[in-house]
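# Residue-level structural notes
These are the residues of each chain, in order.
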Amino acid sequence: MKRVYNFSAGPAVLPEEVLKEAADEMMDYRGCGMSVMEMSHRSKTYDNIIKEAEADLREIMGIPDNYKVLFLQGGASQQFAMIPMNLMKNKVADYIITGQWAKKAWKEASIYGKANAVASSEDKTFSYIPDCSDLPISEDADYVYICENNTIYGTKYKQLPNTKGKTLVADVSSCFLSEPVDVTKYGIIYGGVQKNIGPAGVVIVIIREDLITEDTLPGTPTMLKFKTHSDADSLYNTPPAYGIYICGKVFKWIKKMGGLEAMKERNEKKAKILYDFLDQSKLFHGTVVKEDRSLMNVPFVTGSDELDAKFVKEAKEAGFESLKGHRSVGGMRASIYNAMPIEGVEALVAFMKKFEEENA
Ligand SMILES: *Cc1c(COP(=O)(O)O)cnc(C)c1O
């Protein structure tokens, strides 16, 4: 068996322990004589799986009782519509544009109401997070929306925006469970799990109960109402059952590793190895303002498209997978999510050093 160091932005690396456990349980889940993939989502066994996953997530994140945890489908992108459809009572929302995902969410919201771009970092190709301490928040805004970690550009909010009392909604797809979080600061925290938690096909929405109402925009499909899924504990229809089972295993892995404090420490250590190297390298350099650097996605360039391509190719041959930057920005990007071991980052830096010497 050969395993590579996988730096993909998503779907992405998962803990080996989790994959092995899933493999062990593939043919016969704990004496059931079948795989979780083959099991009714209405069975007692599956009910235990989804309930335990939720309980573990609540414990890890310290989710208060007045928040619901929903396991949904449609990816993070479906939330771009679902959020305005459910939250736009006044048909007004403020968006902070820090990259393509925030921009897509903003554009989608403008289908349903007045979506204001109250700040943007597009002037410098999204290489920083704008000052959000005193934004022109709309008087009647139903919510303020951010993308907390910008997967493509490699920036992260180190401080949440001052929403002036408005509900904060955050897409945390690429920083989910990477560090401790104060859930009470948000109305909604959501993310696709394929970046930092599990297999593609599951999106987790953590939502304050008062935001779950019957009062959605006219024409909102039943499947796109938070209330539908909340009332049925994520079992209104068939959920992405196997994906949720894997997420549950990742939650257990995080607990075993010491929880989100330990994750943060580990992630800071890994990111430091890479950023420290970039900061002294004569060939490679990071593309993001230092203060706003993401712990999860690290974009870098050599300054030459030709050398970038050579690096990606040689890295792949050496067992470092998916280091090519997003098609919209070029260069390289190393996604170093929770499950990426420290050895993977150390090996990458050693390889970069060697490449630098050979191409000086
Ligand atoms: C990947 C990503 C998305 C899109 O996720 P899908 O599940 O493909 O819809 C949205 N937001 C962020 C921050 C992402 O990283």
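Everything here concerns the structure above.
Since the model is a prediction, treat every value here as computed from it, not as a measurement.

Analysis parameters
Residues numbered from 1 in each chain as written. Predicted model: local features only at pLDDT ≥ 70, side-chain atom pairs only at ≥ 80, totals over all residues. Heavy atoms only, no water. Pairing = 2+ DSSP bridges. Helix = DSSP H or I, 4+ residues; strand = E, 2+ residues; numbered from the N terminus. Contact = heavy atoms within 4.5 Å. Axes fitted to C-alpha atoms, helices over the stretch in contact; angles between N-to-C directions. Core = buried A, V, L, I, M, F, W, Y, C linked by side-chain atoms within 4.5 Å. Buried < 20%, exposed > 50% of the residue type's maximum accessible area, 1.4 Å probe, protein only. Near = heavy atom within 4 Å. Polar contact = N/O pair within 3.5 Å; in protein donor to acceptor, adjacent residues only side chain to side chain. Areas by Shrake-Rupley, 256 points an atom, 1.4 Å probe, with all protein chains shown as cover. Expected span 1.5 Å × (residues − 1).

## A look at the sheet that holds strand E14 (residues 332–335)
- The strand order E11-E12-E14 describes an open sheet built from three strands, whose pairing is antiparallel. Only two strands of the sheet have a single neighbouring strand rather than two, namely strand E11 (285–286) and E14.
- Note: E11 against strand E12 (residues 297–301), two bridges, orientation antiparallel. By the bridge assignment, Gly286 is partnered in E12 with Phe300.
- Of the strands in this sheet, E11, E12 and E14 touch helix H7 (residues 259–280), which is tilted by about 20° from E12.

## Digging into the nonpolar core
- In this structure, Met61, Leu177, Ile204, Ile206, Phe251, Phe284 and Phe311 are the most contacted members of the largest nonpolar core, which totals 87 residues.
- Examining the composition of this core, we find that ten residues originate from one element, helix H6 (residues 241–257), more than from any other.
- Those residues within four positions of Phe251 in sequence are excluded, and the remaining contacts are Ala53, Asp56, Leu57, Ile60, Phe71, Leu177, Ile197 and Ile204.
- Residues Tyr95, Ala105, Tyr153 and Val203 belong to the second largest nonpolar core, which totals 30 residues.

## So, the site of the ligand
- Gly75, Ala76, Ser77, Phe80, Trp101, Cys147, Asn149, Thr151, Asp171, Ser173, Gln194 and Lys195 make up every residue found near the ligand.
- Within the side chain of Asp171, an N or O atom sits 2.6 Å from a nitrogen atom of the ligand.
- Between Gln194 and the ligand, the recorded distance is 2.8 Å, taken from a side-chain N or O atom to an oxygen atom.
- Compared with its free state, where it exposes 390 Å², the ligand has 87% of that area covered by protein.

## Considerations on helix H9 (residues 342–358)
- Over its 17 residues, H9 extends 25 Å from the first C-alpha to the last, a length consistent with the 24 Å expected when each residue adds 1.5 Å.
- Within H9, burial applies to Ile342, Gly344, Val345, Leu348, Val349, Phe351, Met352, Phe355 and Glu356.
- Turning to H9, the residues buried within the fold contact strand E1 (5–6), H7, E12, helix H8 (305–317), strand E13 (320–321) and E14.

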